[in-house]
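Read off the chains here:
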Amino acid sequence: MSKPQDGFVSRFLNRPISSRITRFLLKFPIRPSAWTISTFVLPIIACLFLVHGDYVSVVIGAAIFQAFSILDGCDGEIARAKNLESKFGERLDHFCDFLASLLYVFALGLGLHRSSEGIVCAVLITANEWLVRASKSEMSVASSTLHESLYARHHGMIGHSGLINLGERFVWWLFQLTKRDVAVFIFLILATLGLADWILHLWVIVAGASLILSAIAAIRSSIARSDVVTREPRS
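### Structural notes on the overall build of the chain
Consideration 1: Looking only at helices and strands, the chain has twelve helices and zero strands in total.
Consideration 2: Evaluated residue by residue, the chain yields a buried proportion of 45% over its 235 residues.
Consideration 3: When contacts within the chain are restricted to residue pairs at least 6 apart in sequence, long-range pairs at least 24 apart make up 71% of them.

As structure tokens, this is what we get:
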């Protein structure tokens, strides 16, 4: 029930758990989209803990987000098992993940009295999401292994930003270490170690770097399309 885009944590921790839960859920008439919406209650509950800001509350909130990361894989597994995969389900799942990320940084920022950093992080996440979605250009990136390990929306960004010039292996590791499942698990470790501030610090750094790459890719993609239109012969 796994997929090529799974990160390390998903492959070795989340999937083994979620697949067992999915096998149980398949006994009931549960649709993937219904599961996606129902599990979104977890990020909301987690935020109620995060806003308190004390050590125990932050650890519990981060742990609930980790549980959400695990259960979030069940909708795709149900869809694949029942042959119910759809663009709507994919968009709904991605939107819920995006919204959960915003709730995470907002709530943690409030809890740690770093609301400005939480807001900045949320703006960076939103801006990057908008740029990635606004870019209609898709392209193949290097080998099939790298291509399949990334979501389609990232192909154009990697190719047009020039990131691939740093080496296929570097890009592969960079994306593996910054995937959502890995990030959520690392955030739980940081919370447990009493380093909750670093959750926001790291998120701002990664979101900022992603935004810069997405902006470069969008600009280069736009220039490339303009050149194509300019060079087209007129009848």
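Resuming the write-up.
### Some details on empty space enclosed by the protein
Consideration 1: The final tally for this structure, using the stated rule, is one cavity of 30 Å³ or more.
Consideration 2: Within this model, the largest cavity holds a volume of roughly 40 Å³.
Consideration 3: The wall of the largest cavity is formed by F65, D97, A100, S101, Y104, R180, V184 and W203.
Consideration 4: Among the secondary structure elements, those contributing two or more residues to the lining of the largest cavity are α6 (87-111) and α11 (180-192).
Consideration 5: Grouping the constituent residues of the lining of the largest cavity by class yields five nonpolar, one polar and two charged.

### Remarks on helix α5 (residues 73-81)
Working note: α-helix, 3.6 residues per turn, so residues spaced by three or four point in the same direction.
Consideration 1: For α5, the tally of buried residues reaches seven of nine residues, placing the bulk of the element in the interior.
Consideration 2: Among the residues of α5, those classed as buried are G73, C74, D75, G76, E77, I78 and A79.
Consideration 3: Buried residues along α5 sit in contact with α1 (8-25), α2 (32-39), α4 (55-71) and α6.
Consideration 4: Just beyond α5, the residue with positive phi is N83, at close to 55°.

### Things to note about the confidence of the model for the chain
Consideration 1: Scored by pLDDT, the chain comes out at a mean of 85, with 81% of its residues at no less than 70.
Consideration 2: Looking across the chain, the model is least confident in helix α8 (residues 144-149), with a mean pLDDT of 57, and most confident in helix α3 (residues 41-50), with 98.

### Some points on the pattern of salt bridges
Consideration 1: Under the definition given, this model contains five salt bridges.
Consideration 2: A salt bridge links D72 to R180, with the nearest nitrogen and oxygen atoms 3.7 Å apart. Here R180 lies in helix α11 and D72 lies in the loop between α4 and α5, a separation of 108 residues in the sequence.
Consideration 3: Using a relative accessible area of 7% as the deciding quantity, one classes D72 as buried.
Consideration 4: Residues R114 and E117 are paired through a salt bridge, measuring 3.5 Å at the closest nitrogen-oxygen approach.

### Let's talk about the packing of aromatic side chains
Consideration 1: Counting across every chain of the model gives five aromatic pairs.
Consideration 2: Both rings, one in Y104 and one in W203, keep their centres 5.4 Å apart while their planes meet at 75°; by these two values the pair is edge-to-face. A residue pair is termed long-range when its members are at least 10 positions apart, and Y104 in helix α6 and W203 in helix α12 (residues 197-231) qualify at 99 residues.
Consideration 3: Taken together, the ring pairs in this structure connect F65, Y104, F187 and W203 into an aromatic cluster.

### Notes on a nonpolar patch on the surface
Consideration 1: Together, I186, I189, L193, L195, W198, L202, I205 and V206 make up a nonpolar patch on the protein surface, roughly 690 Å² of accessible area in all.
Consideration 2: Among the elements of the structure, α11 and α12 are those that each provide at least two residues to the nonpolar patch.
Consideration 3: Tallying contributions element by element places α12 first for the nonpolar patch, with four residues.
Consideration 4: With respect to the secondary-structure elements, I189 resides in helix α11.

### Digging into the environment of R15
Consideration 1: Tracing the sequence through the fold places R15 in helix α1.
Consideration 2: With relative accessibility at 9%, the residue R15 sits in the buried group.
Consideration 3: For the pair R15 and S69, spaced 54 residues apart in sequence, the C-alpha separation works out to 10.0 Å.

### Regarding the environment of F40
Consideration 1: Locating F40 in the fold gives a position in the loop between α2 and α3.
Consideration 2: Taking the relative accessible area as the measure of exposure, F40 reaches 14% and is therefore buried.
Consideration 3: Sequence separation between F40 and L99 is 59 residues, and the spatial gap between their C-alpha atoms is 9.3 Å.
Consideration 4: Once you skip the residues sitting within four places of it in the chain, F40 turns out to touch F68, C96, L99, A100 and L103.

### Looking at the nonpolar core
Generally speaking, a soluble globular protein has its nonpolar side chains buried in company with each other.
Consideration 1: Counting 41 residues, the largest nonpolar core has F65, Y104, L108, I125, I199 and W203 as the members making the most contacts within it.
Consideration 2: Put simply, the parts of the chain that give this core at least two residues each are α3, α4, α5, α6, α7 (115-134), α11 and α12.
Consideration 3: Considering every element that reaches this core, the biggest residue donor is α6, with nine residues.
Consideration 4: Once you skip the residues sitting within four places of it in the chain, I125 turns out to touch F98, S101, L102, V105, W203 and A207.
Consideration 5: Grouped together as the second largest cluster of nonpolar side chains are five residues, I158, L163, F175 and L213 included.

Scoring rules and cut-offs
- Residues numbered from 1 in each chain as written.
- Predicted model: local features only at pLDDT ≥ 70, side-chain atom pairs only at ≥ 80, totals over all residues.
- Heavy atoms only, no water.
- Helix = DSSP H or I, 4+ residues; strand = E, 2+ residues; numbered from the N terminus.
- Buried < 20%, exposed > 50% of the residue type's maximum accessible area, 1.4 Å probe, protein only.
- Contact = heavy atoms within 4.5 Å.
- 1 Å grid on protein atoms, 1.4 Å probe; cavity = no way out; pocket = protein on both sides within 12 Å on 5 of 7 lines; lining within 4 Å.
- Points joined across faces, edges and corners; volume = space filled by probe spheres on them.
- Nonpolar A, V, L, I, M, F, W, Y, C, P; charged D, E, K, R; others polar.
- pLDDT = per-residue confidence, 0-100.
- Salt bridge = Lys/Arg side-chain N within 4 Å of Asp/Glu carboxyl O.
- Phe/Tyr/Trp six-rings, centres within 6.5 Å; stacked < 30°, edge-to-face > 60°.
- Patch = residues over 30% accessible without salt bridge, like charges linked within 9 Å, V, L, I, M, F, W, Y side chains within 5 Å.
- Areas by Shrake-Rupley, 256 points an atom, 1.4 Å probe, with all protein chains shown as cover.
- Core = buried A, V, L, I, M, F, W, Y, C linked by side-chain atoms within 4.5 Å.

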